[in-house]
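Examining the three-dimensional arrangement
The chain contents come next:
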Amino acid sequence: MTSTDMRTEAEDSGPSGYAAARLRLLQEGARSGPPRRSALADLTDDWLTGLFDAGAEKLRGVSLVAVGGYGRGELSPRSDLDLLLLHDGGADPGAIAALADRIWYPVWDLGLDLDHSVRTPAEARKTAGEDLKVQLGLLDARHLAGDLGLTASLRTTVLADWRNQAPRRLPELQELCAERAERQGELQYLLEPDLKEARGGLRDATALRAVAASWLADAPREGLADARKSLLDVRDALHLATGRATDRLALQEQDQVAAELGLLDADTLLRQVYEAARVVSYASDVTWREVGRVLRSRAVRPRLRAMLGGGKPAPERSPLAEGVVEQDGEVVLARAARPDRDPVLPLRAAAAAAQAGLPLSLHAVRRMAAAARPLPTPWPAEARQQLITLLGSGPSTIEVWEALEAEGLITRLLPDWERVRCRPQRNAVHIWTVDRHLIETAVRAAEFTRRVHRPDLLLVAALLHDIGKGWPGDHSVAGEIIARDVAARIGFDRTDVATLATLVRHHLLLVETATRRDLEDPATVRAVAEAVGSQGTLELLHALTEADALATGPAAWSSWRASLVADLVKRVSAALAGDDPEEPEAAAPTAEQERLAIEAFRTGGPVLALRAQTEPPAEESAEDRDPEPLGVELLIAVPDQKGVLPAVAGVLAMHRLTVRTAELRALDLPDGVPGSVLLLDWRVAAEYGSLPQAARLRADLVRALDGSLDIAGRLAERDAAYPRRRGIVAPAARVSVASTASRLATVIEVRAHDAPGLLHRIGRALDGAQVRVRSAHVSTLGANAVDAFYVTGPEGAPLPGDQAASLARALEDTLRE
């Protein structure tokens with residue numbers, strides 16, 4: 001059926017005919033995107049016109065007007081209808097109300113959302129003057145039916161008001177956009193973005209249209225229409241996939257939306273959304289900067305004219321670097337600049353802008369993109385230095401980098417950047433896309449350049465450390481190969497290329513080892529020392545580790561992690577200096593540990609103590625600032641028996657305590673006292689609220705050990721009361737044996753979705769396997785737990801290879817149940 005046939009059916013059959021024609025249109029596979037939105041708007045126009053005409057036969061001076069998105073002729077499958085019933089005030093109010101009812105009620109009866117109003121032109125104009133959102137909607141007013149002159153007069157008046165009031169209303173609009181961005185976040189980085197409200201979304205695209213309509217400034221046009229179309233297409237597919245009027249692209253619906261659009265997968269969908277949002281965001285930045293410049297110029301110009309007796313003053317230009325000047329708060333090219341003969345100019349201009357904390361002019365960036373020559377390979381020394389200067393400029397680097405990237409200059413300089421550009425990271429710990437994370441890491445690394453002897457290598461390693469993401473396999477391994485190529489291309493010598501490759505290959509080594517391995521074990525220290533190779537590389541890797549974690553998100557770094565990494569670095573540094581780590585001897589118990597052990601033996605039950613642990617923030621001493629709490633040390637002594645680990649872990653989970661580290665060992669009692677006591681030295685932190693009293697923990701632990709407390713049942717009840725979100729499917733648990741991690745014990749590494757009672761379940765499985773847990777190293781990143789357990793057989797020796805593998809398989813099966 002053609003569009004004309006559908007419209008005829010809608011007109012002839014009333015609401016039911018419109019509903020059928022609408023459904024048929026939405027189910028047409030051959031028509032999508034702008035043609036479908038336009039056809040849906042036309043179909044709706046004809047239906048509403050019929051409703052209006054049937055009720056307004058004897059009325060004069062009345063019109064029906066579409067505003068907002070409907071006014072632009074852009075109807076998504078579940079879009080609401082924004083309608084204005086406009087009248088000149090001459091008709092009987094009762095007749096106007098009856099006409100409104102004849103139009104509104106059929107819309108409601110079909111279940112369509114309706115935003116409606118009945119006003120005279122004077123009332124519409126007054127409301128627009130008071131409510132910016134109403135004025136923005138009226139800028140897109142479109143006549144549907146009735147008195148065309150009435151609609152045209154309103155459009156002319158509203159547009160004239162908007163242009164006359166632009167110096168006052170545009171700052172208000174900018175503030176409205178900023179507040180919305182603060183609430184909704186940036187569309188180009190969110191895993192579940194709001195396509196309309198987030199920064200870089202459809203609301204911002206509409207705001208740019210309003211700025212253009214003011215004639216005060218205009219947005220960069222290149223790519224903007226395509227970006228807006230892309231976002232509208234995704235919203236259409238989202239409406240069809242969900243059957244709801246929603247703008248939030250939830251995780252559980254992304255695969256279906258991608259399929260609706262014919263895309264490969266949800267990652268491809270998100271990348272398409274991010275690319276569109278980035279275009280809109282960059283256009284917004286440029287446009288609002290231009291608005292500010294024009295408004296400042298208008299405020300200053302009358303005073304200058306009065307002082308100079310008329311005439312237009314020449315803009316002031318201050319040199320920043322060769323071929324680069326500052327003009328009117330932006331970095332522009334000098335008049336003598338020749339981008340076609342100066343291949344270093346883009347990097348020089350970018351470095352100068354970042355150092356000055358100024359934006360790069362859109363015209364300058366486009367001129368360089370159109371005319372700049374490619375850099376030779378390897379790069380000249382100046383180009384490499386300008387890149388390092390840009391990366392070391394701190395937060396101002398971000399805006400300048402984005403300006404270069406918007407015009408394709410970054411991928412020209414670094415072709416490997418294309419694979420990470422706008423690449424989503426489906427990990428709750430990460431708050432940025434891969435490319436933005438790399439720039440954020442460089443910004444963080446700029447803070448640490450005084451801590452290292454080679455700040456240039458630190459900054460470039462920060463830029464490249466995740467460059468392997470997007471390639472098959474381990475991104476660190478792939479990244480090492482890419483980093484070697486990039487480092488050689490930009491002009492580093494062989495030694496520096498090798499150092500950068502090592503930093504990229506092992507950028508996760510320190511934090512993973514510090515949080516998952518026993519630092520008292522000499523094998524741990526030796527393995528890190530062999531991987532790092534030199535004191536200089538260790539120094540760089542330490543700074544890169546912290547910068548990477550800080551740029552990842554708040555869950556990736558803490559004083560606790562910082563203290564563990566610093567301890568590991570200290571030990572590895574000593575090993576690299578020639579101090580070979582010795583096999584550890586069992587540390588003598590402290591007086592408090594001995595007291596608890598004797599008390600546990602005397603009472604035959606658990607005894608515990610809680611003690612707060614603090615440490616000064618990184619790079620500061622205790623005299624500089626108050627120490628930051630690292631959690632609470634929990635000391636538990638209990639007569640040696642089975643089931644201690646699962647019992648303690650279960651009780652802590654019941655009390656919502658997070659375990660950060662755990663160490664277990666058997667402690668022989670003093671001479672003359674027979675038997676042994678298990679000593680558990682754990683560090684814990686409350687998930688929220690305050691810590692429970694030690695007496696309550698002990699009472700529950702007693703019940704857990706004698707079997708009267710059903711921990712598994714209690715945790716299951718709590719888990720059932722707080723079910724996981726629909727559609728979120730956690731990856732299956734994986735358990736492996738780190739065969740070379742220690743000569744003293746077998747290291748079992750568990751990677752699983754973090755959940756209440758996970759450590760309790762692991763403890764039960766290990767206890768059932770008749771192995772002893774020497775120590776445990778617990779690490780939680782977002783929703784992922786990565787725990788390492790040092791286990792031995794009953795005699796205290798590492799497990800044979802086949803037994804260790806069998807234990808890993810059994811534990812994995814348990815966690816997957």
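Residues numbered from 1 in each chain as written. Predicted model: local features only at pLDDT ≥ 70, side-chain atom pairs only at ≥ 80, totals over all residues. Heavy atoms only, no water.

Section: the overall build of the chain
Of the regular secondary structure elements, the chain holds 32 helices and 15 strands. For the chain, buried positions account for 51% of its 817 residues. Within the chain, counting contacts between residues at least 6 apart in sequence, those at least 24 apart form 70% of the total. With an accessible surface of roughly 37000 Å², the chain has 50% of that area assigned to carbon and sulfur atoms. (Helix = DSSP H or I, 4+ residues; strand = E, 2+ residues; numbered from the N terminus. Buried < 20%, exposed > 50% of the residue type's maximum accessible area, 1.4 Å probe, protein only. Contact = heavy atoms within 4.5 Å. Areas by Shrake-Rupley, 256 points an atom, 1.4 Å probe, with all protein chains shown as cover.)

Remarks on the sheet that holds strand β4 (residues 142-146)
Ordered in space as β3-β2-β1-β4, the four strands form an open sheet in which the pairing is mixed. Strands with a single pairing partner mark the edges of an open sheet, and in this sheet they are β3 (114-119) and β4. Neighbouring strand axes in the sheet, compared pairwise and without regard to direction, differ in orientation by 20° on average. The pairing of strand β2 (residues 81-87) with β3 spans six bridges and is classified as parallel. Within β3, the position partnered with Asp-82 by the bridge is Asp-115. Most of the contacts of helix α7 (residues 148-164) go to β2, to which it runs at about 110°, and overall it touches β1 (62-66), β2 and β4. (Pairing = 2+ DSSP bridges. Axes fitted to C-alpha atoms, helices over the stretch in contact; angles between N-to-C directions.)

Here we look at the packing of helix α20 (residues 455-464) against helix α22 (residues 494-505)
Where α20 meets α22, the closest approach of the two axes is 9 Å, and the angle between their N-to-C directions is 45°. Here α20 lies oblique to α22, going by the angle between them. Of the two elements, α20 crosses α22, and the hand of that crossing is right-handed. For the pair α20 and α22, the contacting residues are Leu-457, Val-460, Ala-461 and Leu-464 in the first and Asp-496, Thr-499, Leu-500, Leu-503 and Val-504 in the second. (Parallel < 35°, antiparallel > 145°, perpendicular 65-115°, else oblique. Left-handed = near helix turned anticlockwise from the far one by under 90°.)

Considering the sheet that holds strand β5 (residues 317-321)
Taken together, three strands build an open sheet; the order of strands is β5-β6-β7 and the sheet is antiparallel. Bordering the open sheet on either side are β5 and β7 (330-333), each of which pairs with just one other strand. The mean angle between the axes of side-by-side strands here comes to 40°, regardless of whether they run parallel or antiparallel. Of the strand pairs in this sheet, β5 and strand β6 (residues 324-327) are connected by four bridges, and their pairing is antiparallel. Across the sheet, the residue bridging to Arg-317 is Gln-327, located in β6. Contacts from helix α13 (residues 345-356) reach β5, β6 and β7, with the element oriented near 110° to β5.

Here's the deal with the packing of aromatic side chains
The tally for this structure, following the rule as stated, stands at four aromatic pairs. Taking 4.2 Å as the distance between ring centres and 5° as the angle between the ring planes, the aromatic pair formed by Tyr-18 and Trp-47 counts as stacked. One end of the pair, Tyr-18, is in helix α1 (residues 3-26); the other, Trp-47, is in helix α2 (residues 33-55), and 29 residues separate them in sequence. Residue Trp-47 is classed as buried on the basis of its relative accessible area of 3%. (Phe/Tyr/Trp six-rings, centres within 6.5 Å; stacked < 30°, edge-to-face > 60°.)

Regarding helix α26 (residues 559-576)
Compared with an ideal rise of 1.5 Å per residue, which puts 18 residues at 26 Å, α26 spans 25 Å between its outermost C-alpha atoms and is within 8% of the ideal. Of the residues making up α26, those classed as buried are Ser-559, Trp-560, Arg-561, Ala-562, Ser-563, Leu-564, Val-565, Leu-568, Val-569, Val-572 and Ala-575. Two residues or fewer past α26, Gly-578 is found with a positive phi of approximately 110°. (Expected span 1.5 Å × (residues − 1).)

What to know about the pairing of β7
By the alternation rule, side chains of β7 split into Glu-330 and Val-332 and Val-331 and Leu-333, which are all buried. Relative to β7, β6 runs antiparallel, the two being bridged by four bridges. Within β7, the residue paired with Val-325 across the bridge is Val-332. Where β6 folds back onto β7 in an antiparallel hairpin, the turn is made up of two residues, including Asp-328, whose phi is positive at roughly 55°.

Some words on the side chain of His-87
Within the secondary structure, His-87 sits in strand β2. Overall, His-87 belongs to the buried group, its relative accessible area being 13%. A distance of 3.2 Å separates a polar atom in the side chain of His-87 from the backbone nitrogen of Gly-89. For His-87, the contacting residues outside a window of four places in its chain are Gly-61, Val-62, Ile-96, Val-118, Arg-119, Thr-120, Pro-121 and Leu-150. (Polar contact = N/O pair within 3.5 Å; in protein donor to acceptor, adjacent residues only side chain to side chain.)

Re the pattern of salt bridges
Considering all chains together, one arrives at 54 salt bridges under this definition. Residue Arg-421 pairs with Glu-418 through a salt bridge whose shortest N-O separation is 3.0 Å. Taking relative accessible area as the criterion, Arg-421 reaches 19% and is therefore assigned buried. Take Glu-418: its relative accessible area is 34%, and that puts it in the partly exposed class. The salt bridge involving Arg-816 is made with Glu-812; its shortest N-O contact spans 3.6 Å. (Salt bridge = Lys/Arg side-chain N within 4 Å of Asp/Glu carboxyl O.)

Re the packing of helix α9 (residues 202-213) against helix α10 (residues 224-242)
In the contact formed by α9 and α10, the axes pass within 10 Å of each other and the chain directions differ by 145°. Considering the relative orientation of α9 and α10, their crossing is left-handed. Between α9 and α10, the contacting residues are Leu-202, Ala-205, Leu-208 and Arg-209 on the first element and Leu-224, Arg-228, Leu-231, Leu-232 and Arg-235 on the second. The class makeup of the residues in the contact of α9 with α10 is six nonpolar, no polar and three charged. (Nonpolar A, V, L, I, M, F, W, Y, C, P; charged D, E, K, R; others polar.)

Section: the environment of Leu-139
Inspection of the secondary structure puts Leu-139 in the loop between α6 (132-138) and β4. Take Leu-139: its relative accessible area is 16%, and that puts it in the buried class. Taking C-alpha positions, Leu-139 is 7.8 Å from Gly-68, a pair spaced 71 residues apart along the chain. If we skip the residues at most four places from it in the chain, Leu-139 touches Arg-155, Val-158, Leu-159, Trp-162 and Ala-210.

Describing the nonpolar core
By size, the foremost hydrophobic cluster in this structure holds 95 residues, and its most contacted members are Leu-360, Trp-379, Trp-401, Leu-414, Trp-417 and Phe-492. Not counting chain neighbours up to four residues away, the residues in contact with Trp-417 comprise Trp-401, Glu-405, Ile-410, Thr-411, Asp-435, Leu-438, Ile-439, Leu-463 and Ile-467. Listed in part, the 50 residues of the second largest apolar core include Ala-647, Ala-649, Ile-748 and Leu-759. (Core = buried A, V, L, I, M, F, W, Y, C linked by side-chain atoms within 4.5 Å.)

As for unusual backbone geometry
Here Thr-377 and Pro-378 are connected by a cis peptide whose omega angle stands at -5°. One non-glycine residue, Asp-328, lies in the positive phi region at around 55°. The residue Asp-328 is located in the loop between β6 and β7 in this model. Overall, the relative accessible area of 40% leaves Asp-328 in the partly exposed class. The phi torsion at Cys-422 lies on the positive side, around 60°, for a residue other than glycine. Along the chain, the position of Cys-422 falls in the loop between α18 (417-420) and α19 (434-446).

What to know about helix α21 (residues 475-489)
In an α-helix, one turn spans 3.6 residues; hence positions three or four apart end up facing the same way. In this model α21 runs 20 Å from its N-terminal to its C-terminal C-alpha over 15 residues, within 8% of the 21 Å that 1.5 Å per residue would give. Those residues of α21 that fall on the buried side of the exposure criterion are His-475, Ser-476, Ala-478, Gly-479, Ile-482, Ala-483, Val-486, Ala-487 and Arg-489. Where α21 is buried, its residues touch α17 (409-413), α20 and α22. Two to three positions downstream of the cap, the backbone nitrogen of Ser-476 sits 2.8 Å from a side-chain oxygen, assigning the N-cap of α21 to Asp-474.

Quick look at the confidence of the model for the chain
Mean pLDDT over the chain works out to 86, with 89% of the residues at or above the 70 mark. Across the chain, the secondary-structure element scoring lowest on mean pLDDT is α1, at 69, and the one scoring highest is α22, at 97. Counting interchain partners and residues more than four positions distant, the pLDDT-below-50 stretch residues 614-630 has 25 contacts. (pLDDT = per-residue confidence, 0-100.)

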